[in-house]
Every structure is written in C-alpha cells, then in structure tokens.
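Notes for the structure review
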Amino acid sequence: MVSTEPTRHTNGALSPAEPTGQSLPSDRGDAGRPRRGGLVGTPVFWAALLALVGLVALITIGVAGRALHGQAAETPAIRIPLPAFELTDQRGARFGLEQLRGRVWIADFIFTTCPTVCPKLTQRMSEIERRGRDLGDALHLVTFTVDPENDTPAVLAAYAASQRLPLERWTFLTGPLDQIESTVLDGFKIAMGKKESSPGLFSIFHGERLVLVDQQGVIRGYYEANDDGIDAVLRDAGALVKSR
C-alpha cells in the first residue's frame, strides 16, 4: 500500500533581461545616425519594467502568504470509490457509509487487546480529533476493529470510555468477520488477518495507515500515523471540507 500526498508546485519568475548597450554619437558627425534599442530609457520602457517587477512581487508575496498560513492549494488528487458497507457501532446500532455521507471522515484499524501499535493509533486519532475541532461536525472519525470475534459493541464502548473518547465525533465499528474483511480488504485496500504463531495460538495483523474519505464516500488519501502524516491528513481534510 502506498501513501499519496498532494504535491505542491511553486511557480518561479525570471528576472527581466538587462538592457542592451547603446551606440552613442561620435564627435565625427554621427549625430544623425539612428541609435540601437531606441525604447531603452524612454517612459514606455520604464513603465513596462516597473509593471513586470510589480507582477513578480505580487506572485512572490502570494506564494509566501499561502505557505505561511498553511493553506492547501488544492484538494487531494487520489480518488478510490469506497463500496457501500453497513456494520454495527459501539451502541449496537447499524452504521455504515450512508450515515457518513456529507461528512469528511478519517478511518483507522485496530483491535482492543492489541498491546503495541493500536494504542498509539488511538492516541494519534485522538490528536486528530482535538486539532480538527474547528471543522465541527464536518469531520468525523471512524475506527474499524479487525478482531470482531472479540470486539463486540459492548467491548468497543468500554474501550472508548476508558480512553475518554468523544463518541459524538467518533464511531467504533464491528460486525461479522466476513463483512469486516470485505470492507477492510476489498474496500479500503488495507491488510488484515490472523496467523498461527504457534500451535493453537494466533496473532492478528493489520495495516497501520490512516485513510481519508470525502463527503461522497471516495478515498482521498493514505497517511502514516506520525507527525508528518497527522499534519498532512488534517490539512487535506480541511481542504475537502472547504471545497464544498
């Protein structure tokens, strides 16, 4: 799986060419001979030069201003339609793609008994929730369990309560294993599974990327759960919200 980020392009401008030299009249009676580069030094020349310098300055200031204020120049280019799904949330209610339409949302994939990566993913999602509050209800978080046999709605609710997570802006989903696999593997293109680590003992594996989905249920990006990834997903989520 590949993480895709908007690429920023910076437009440059070439400096105006230096004026070419002029032939001056000699003392030998050449005063009537036409000069080369007759526009150089005229009011028209200087007006054009000043206009060009002003245009370059405006472009430079505009680019610098966008960079300074962190404004996204464009929304993410990646577009992968997400197939419809309907699972069960932490309250035991049916919840799926239809309930998320009209909102930008960010998904991650965990299981509640995971002792290593999953707590870190939840912390990162919690950071996204805090930093994205200025987007209001336009941004939602969704966590999919990859161990639905153990992560029942009650277990997910208890997990969210233990972490003091805001369930008005964050939904936890479980369901039959085949439906979870179809949604995660076929829909999100995120790895998940279970392998026998020793006789009778199994370990669960899953992808660690965060996934950004737009208001129409289209995947718009995959992000690492690190500082750069969090900054990028928040920037792109904000751009999608503002693009409506």
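To keep things clear, this report deals only with the structure shown in the data block. Sequence positions are assigned chain by chain, starting from 1 and proceeding in written order. Side-chain atom pairs in this predicted model are given and counted only at pLDDT of 80 or more, local residue features only at pLDDT of at least 70, and totals for whole chains, interfaces and linings cover all residues. Remark: hydrogens and water are excluded; side-chain values derive from all non-hydrogen atoms of the structure.

Here we look at the overall build of the protein chain
Elements are defined by DSSP. Helices are runs of H or I of four residues or more, strands are runs of E of two residues or more, and each kind is numbered from the N terminus. Assigned secondary structure in the protein chain consists of six helices and 10 strands. When accessible area is computed with a 1.4 Å probe and restricted to protein chains, residues below 20% of their type maximum are described as buried, those above 50% as exposed, and intermediate ones as partly exposed. Taken over 244 residues, the protein chain has a buried fraction of 38%. Contacts are assigned to residue pairs with any non-hydrogen atoms lying within 4.5 Å of each other. Contacts in the protein chain between residues at least 24 apart in sequence constitute 69% of all its contacts with a sequence separation of at least 6. Reported accessibility uses the Shrake-Rupley method at a 1.4 Å probe radius. Residues are deemed covered only where the shown protein chains occlude them. On the protein chain, roughly 14,200 Å² of surface is accessible, and the fraction owed to carbon and sulfur atoms is 55%.

Thoughts on the sheet that holds strand S2 (residues 86-89)
Taken in spatial order, the eight strands make up an open sheet running S1-S10-S9-S4-S5-S6-S2-S3, and their pairing is mixed. Of all the strands in the sheet, the pair left with one neighbour each is strand S1 (80-81) and strand S3 (94-96). What makes two strands pair is DSSP finding at least two bridges between them. Where S2 lies against strand S6 (residues 170-174), two bridges are found, and the strand directions are antiparallel. Residue pairing in the sheet places Asp89 in a bridge with Leu173 of S6. Angles run from 0 to 180 degrees between N-to-C directions of axes, and those axes are lines fitted to C-alpha atoms, restricted for helices to the stretch in contact. Of the strands in this sheet, S2, strand S4 (104-110), strand S5 (139-145) and S6 touch helix H4 (residues 153-162), which is tilted by about 150 degrees from S6.

Details of the packing of aromatic side chains
For Phe, Tyr and Trp, where Trp contributes only its six-membered ring, two rings pair if their centres lie within 6.5 Å, and the inter-plane angle classes them as stacked under 30 degrees, edge-to-face over 60, or tilted in between. What the rule picks out here adds up to eight aromatic pairs. Plain terms: the ring middles of Phe109 and Phe144 are 5.5 Å apart, the flat faces sit at 20 degrees to each other, and that makes the pair stacked. Here Phe109, found in strand S4, pairs with Phe144, found in strand S5; they are 35 residues apart in sequence, far enough to count as distant. Taken as a pair, Phe109 and Phe144 share a single burial class, namely buried.

Points about the environment of Gly96
Residue position: Gly96 is located in strand S3. The exposure class assigned to Gly96 is buried, which follows from its relative accessible area of 1%. Between the C-alpha atom of Gly96 and that of Glu86, which follows or precedes it by 10 residues, the distance is 4.0 Å.

Structural notes on unusual backbone geometry
Even without a glycine there, the phi angle at Arg164 is positive, about 55 degrees. Residue position: Arg164 is located in the loop between H4 and S6. Non-glycine residue Lys189 carries a positive phi angle of around 60 degrees. Tracing the sequence through the fold places Lys189 in the loop between helix H5 (177-187) and strand S7 (192-198).

Remarks on the side chain of Thr145
With respect to the helices and strands, Thr145 occurs in strand S5. What makes Thr145 buried here is its relative accessible area of 1%. Under this definition, polar contacts are N or O atom pairs within 3.5 Å; protein pairs additionally need one hydrogen-donor-capable and one acceptor-capable atom, and for neighbouring residues in sequence, both atoms have to be side-chain atoms. A distance of 3.0 Å separates a polar atom in the side chain of Thr145 from the backbone nitrogen of Asp147. With near-sequence residues (within four places) excluded, Thr145 lies in contact with Ile110, Phe111, Asp151, Leu156, Leu173, Thr174 and Ile180.

Such coordinate-based values are descriptive only and should not be taken to indicate function.
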